[in-house]
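Topology and contacts: notes
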Amino acid sequence: MNLRRLIPIFDSSVSNWALEARLLRWLTLIWLFVGLIMLFSASYPVADARHEDGLYYFKRQLLWVLVSLIGFNIIVNSPLQKILRVSHWFLLVFLTLIFITLIPGLGKKAFDAARWIAIGPIPIQPSELIKPFLVLQSARLFGQWERISWRVRLAWLGIFGLVLLGILAQPNLSTTALCGMTIWLIALAAGLPYKYLGGTAIGGVMLALLSISIKEYQRKRVMSFLDPWADATGDGYQLVQSLLAVGSGKTWGAGFGLSQQKLFYLPIQDTDFIFAVFAEEFGFVGSMVLLALLATFATLGLIVALKAKNTVHRLVAIGVTILMVGQSLLHIGVATGSLPTTGLPLPMFSYGGNSMIASLIAAGLLIRVARESSEAEVVPLQKPLLENGRRRRSFHNNRN
């Protein structure tokens, strides 16, 4: 592989890509750039207070971005079939790491949830890193559903179930729900019988209700979501402060860097509630621009899926679109009080290297599908032209 392709600005092959691939690439880089600017603003006060360096989190995020962009460019320049052939190994590795986080002493806890493994100074969050590979393997399974045996089907459905149960046990209900919905929607797009989909949906809802009934803090979150002002200094505090931030933005926002809620009123403002800071600083207009960016990304993702000739590739495009846009909308829904408070980061905005790697790998997969779909359209047009050229030459030689 040409090493220059590992750096986006030096990738000279971009001009030969399909239009959708080029648009998605630029959209991804714009999304990333805006996210970095927002993280700089949202994280500065808390970084200055904790580490006496306002740029502490921003500089670390830049390092993760550089690593993620290398992975991104490897993905967009590698055949998707080759990636699909190894996706199951990555899935199994991250599944193993998810269960390792549950072992006392090995899993690193934060907010009473064991979601990380510390490898030296580097925190690994397998529930984030597994997301793009869950999409790949789901697309691979459901795209070939009619051609594989029930033994293989049940084996992979069991593995998907273990992934969801492992993430739920950390506990991480929001990521479990996101992964479960992504798998289910990929299966729906693949055309699986409704009797299977209906039973799975009912089982997923029952599992979520069971988790909420067992975990008191999850139950309190749901209750506080229904009326956060009833306990504005207790369980509803996060949501109340987020709503104050969103409301304070009004039409045009307070201005970049001028959020008041990020000054230690709004908890975890650089991760789970970064949209609230964005809405306060850029207002209703800025929020609509961000939603327009997400809508454009979703539209391009669906166009790529419709153009894909290979069923598995089509499902990869659908899965990535659901993952990226769906997670973003869930994050925004939480920050605006439309959904119960959860711990989902905003892709390419929230602080966290694992989320950044997963987001850019997912975006790279969508771009790769767009590239291969255009190539699939071009190749069949070339062959008849060559054959017609040979026939004309043969006819001309025979006449002579």
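Refer to the preceding data block for the structure.
The following refers to the structure shown. Note that this is a predicted model, so its numbers are computed, not measured. (Residues numbered from 1 in each chain as written. Predicted model: local features only at pLDDT ≥ 70, side-chain atom pairs only at ≥ 80, totals over all residues. Heavy atoms only, no water.)

Across its full length, the protein chain holds 13 helices and three strands. For a compact globule of 400 residues, the expected C-alpha radius of gyration is about 21 Å, and the protein chain comes in at 23 Å, within 12% of that figure. The dimensions of the protein chain, computed from C-alpha atoms along their principal axes, are 95 × 50 × 40 Å. Out of the 400 residues belonging to the protein chain, those deemed buried represent 48%. Considering only contacts in the protein chain between residues 6 or more positions apart, those separated by 24 or more positions represent 72%. About 19,500 Å² of surface is accessible on the protein chain, with carbon and sulfur atoms providing 66% of the total. Measuring between centres, the 35 positive side-chain charges of the protein chain sit 16 Å from its 20 negative side-chain charges. (Helix = DSSP H or I, 4+ residues; strand = E, 2+ residues; numbered from the N terminus. Rg over C-alpha atoms; globule rule 2.2 N^0.38 Å. Buried < 20%, exposed > 50% of the residue type's maximum accessible area, 1.4 Å probe, protein only. Contact = heavy atoms within 4.5 Å. Areas by Shrake-Rupley, 256 points an atom, 1.4 Å probe, with all protein chains shown as cover. Lys, Arg positive; Asp, Glu negative; His and termini not counted. Charge placed at Lys NZ, Arg CZ, Asp CG, Glu CD.)

Running from amino to carboxyl end, helix 1 (residues 19–51) crosses helix 2 (residues 56–76) at an angle of 150 degrees, the nearest separation of the two axes being 7 Å. Taken together, the axes of helix 1 and helix 2 lie roughly antiparallel to each other. As helix 1 packs across helix 2, the resulting crossing turns out to be right-handed. Contacts between helix 1 and helix 2 involve Thr28, Leu29, Leu32, Leu36, Leu39, Phe40, Ser43, Val46, Ala47, Arg50 and His51 from the first element and Tyr56, Tyr57, Phe58, Gln61, Leu62, Val65, Leu69 and Phe72 from the second. Considered class by class, the residues forming the contact of helix 1 with helix 2 number 14 nonpolar, four polar and one charged. (Axes fitted to C-alpha atoms, helices over the stretch in contact; angles between N-to-C directions. Parallel < 35°, antiparallel > 145°, perpendicular 65-115°, else oblique. Left-handed = near helix turned anticlockwise from the far one by under 90°. Nonpolar A, V, L, I, M, F, W, Y, C, P; charged D, E, K, R; others polar.)

The next point concerns the environment of Thr342. Within the fold, Thr342 resides in the loop between helix 12 (311–335) and helix 13 (353–399). When the C-alpha atoms of Thr342 and Leu330 are compared, they prove to be 8.8 Å apart, with twelve residues separating the residues in sequence. Every residue in contact with Thr342, bar those within four places of it in the chain, is listed here: Ser174, Arg221, Asp272 and Val334.

The next thing to look at is the pattern of salt bridges. In total, this model carries five salt bridges according to the counting rule given. For Lys59, the salt bridge is made with Asp53, and the minimal N-O distance between the two is 2.8 Å. What makes Asp53 partly exposed here is its relative accessible area of 24%. In this structure, Glu372 engages Arg368 in a salt bridge whose closest nitrogen and oxygen atoms are separated by 2.9 Å. Note that Glu372 and Arg368 are positioned in helix 13 at a spacing of four residues, about one turn of the helix. Taken as a pair, Glu372 and Arg368 share a single burial class, namely buried. (Salt bridge = Lys/Arg side-chain N within 4 Å of Asp/Glu carboxyl O.)

In this section: the packing of aromatic side chains. Evaluated as defined, the whole model comprises 17 aromatic pairs. Ring centres of Phe40 and Phe58 lie 5.5 Å apart, and the angle between their planes is 75 degrees; on these two criteria the pair is classed as edge-to-face. Linking Phe40 in helix 1 with Phe58 in helix 2, this pair joins segments that are 18 residues apart in sequence. The class of Phe40 is partly exposed, set by a relative accessible area of 28%. A relative accessible area of 18% places Phe58 in the buried class. On the basis of an interplanar angle of 10 degrees and a centroid distance of 4.8 Å, the ring pair of Phe90 and Phe133 is categorised as stacked. Separated by 43 residues along the polypeptide, Phe90 in helix 3 (residues 80–100) and Phe133 in helix 5 (residues 131–143) bring together distant segments of the chain. (Phe/Tyr/Trp six-rings, centres within 6.5 Å; stacked < 30°, edge-to-face > 60°.)

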